[in-house]
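Notes for the structure review
The primary structure of each chain is shown beneath.
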Amino acid sequence: MADPDFSIINTDKGEGVTYTCGCPCVPAAVPADGAAGFEHCCCGKVHFAGAGAEPALTAYLAGRANRKREPRYTRGLATVGAIEVAWAFPEE
Ligand SMILES: [Zn+2]
Ligand SMILES: [Zn+2]
């Protein structure tokens with residue numbers, strides 16, 4: 001899988017990170033209060049943006065795995081502008 005084409009997006013919650021998802025959504029993760037924000041898209045892709053994005057993603061996925069059957073994810077890290085990004089996309 002190629003890395004997602006992350007870019008900065010300005011939302012009414014502030015500056016965040018989006019990518020071309022492949023579904024009709026424009027998923028945007030917006031950091032808030034110095035912590036990473038995230039969006040879990042309807043198509044199953046998750047991304048976190050902001051400080052501590054990677055541990056936040058790890059904790060989020062671990063919490064979900066306790067509650068429901070989860071797909072296998074391909075994970076990666078990126079830096080977009082000055083924003084840390086961690087992503088997990090279901091394997092095809
Ligand atoms: Zn969608
Ligand atoms: Zn999507």
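Going by the structure above, here's the rest.
An account of the accompanying structure is given in this report. Quick caveat: nothing in here was measured; it's all calculated off a predicted structure.

Quick word on the overall build of the protein chain
The helix and strand tally for the protein chain stands at one helix and seven strands. For 92 residues, the compact-globule formula gives about 12 Å, and the C-alpha radius of gyration of the protein chain, at 12 Å, lands near that figure. Over its C-alpha atoms, taken along the principal directions, the protein chain stretches across nearly 35 × 25 × 20 Å. Residues classed as buried in the protein chain amount to 34% of the 92 residues present.

Describing the sheet that holds strand 3 (residues 28-29)
Spatial strand order, 1-2-3: three strands in an open sheet with antiparallel pairing. With partners counted over all chains shown, the strands left at the sheet margins are strand 1 (7-11) and strand 3, one partner each. Pairing analysis gives two bridges linking strand 2 (residues 14-18) to strand 3, with the strands arranged antiparallel. Within strand 3, the position partnered with threonine 18 by the bridge is alanine 28.

Quick look at the environment of lysine 45
You can see lysine 45 is positioned in the loop between strand 4 (37-40) and strand 5 (46-49). C-beta crowding within 10 Å serves as the criterion here: with 21 such atoms nearby, lysine 45 is assigned to the buried category. Separated by 46 residues in the primary sequence, lysine 45 and glutamate 91 place their C-alpha atoms 9.7 Å from one another. Apart from residues no more than four positions distant in its own chain, lysine 45 is found in contact with Cys21, Phe89 and Pro90.

Quick look at helix 1 (residues 53-67)
Taking 1.5 Å per residue, 15 residues should reach 21 Å; helix 1 reaches 22 Å between its end C-alpha atoms and fits that length. Buried within helix 1 we find Ala53, Ala56 and Leu57. Summarising the axial view, the buried residues of helix 1 lie within an arc of 100°, below the 170-degree limit, and thus occupy one face. Counted as exposed and oriented over 90 degrees from the buried face of helix 1: Pro55, Ala59, Ala62, Ala65 and Asn66. Packed against the buried residues of helix 1 are strand 4, strand 5 and strand 7 (83-90).

Structural notes on the pairing of strand 1
When strand 1 meets strand 2, the two strands line up antiparallel, connected through five bridges. Pairing of serine 7 across the sheet is with threonine 18, part of strand 2.

Thresholds, definitions, all that
Here the residue index of a chain counts from 1 through its sequence in written order. Chains and ligands are labelled sequentially in the order written, the chains with letters from A and the ligands with numbers from 1. Residues qualify for local features only when their pLDDT is at least 70, as the model is predicted, and side-chain atom pairs are given and counted only at 80 or more; totals for whole chains, interfaces and linings, by contrast, use all residues. Labels follow the DSSP assignment, with helices taken as runs of H or I lasting at least four residues and strands as runs of E lasting at least two, numbered in each case from the N terminus. Here the globule rule reads 2.2 Å times residues to the power 0.38, and the radius of gyration is calculated from C-alpha atoms. Partly exposed residues are those whose C-beta has more than 12 but fewer than 20 other C-beta atoms within 10 Å; 20 or more makes a residue buried and 12 or fewer makes it exposed, with C-beta atoms placed from the backbone. We call two strands paired when DSSP finds no fewer than two bridges between them. Any residue pair is listed as a contact if its two C-beta atoms, each placed from the backbone, are within 7 Å. Take the number of residues in a helix, subtract one, and multiply by 1.5 Å to get its expected span. In this description, the arc belongs to the directions extending from the helix axis to the C-beta atoms.

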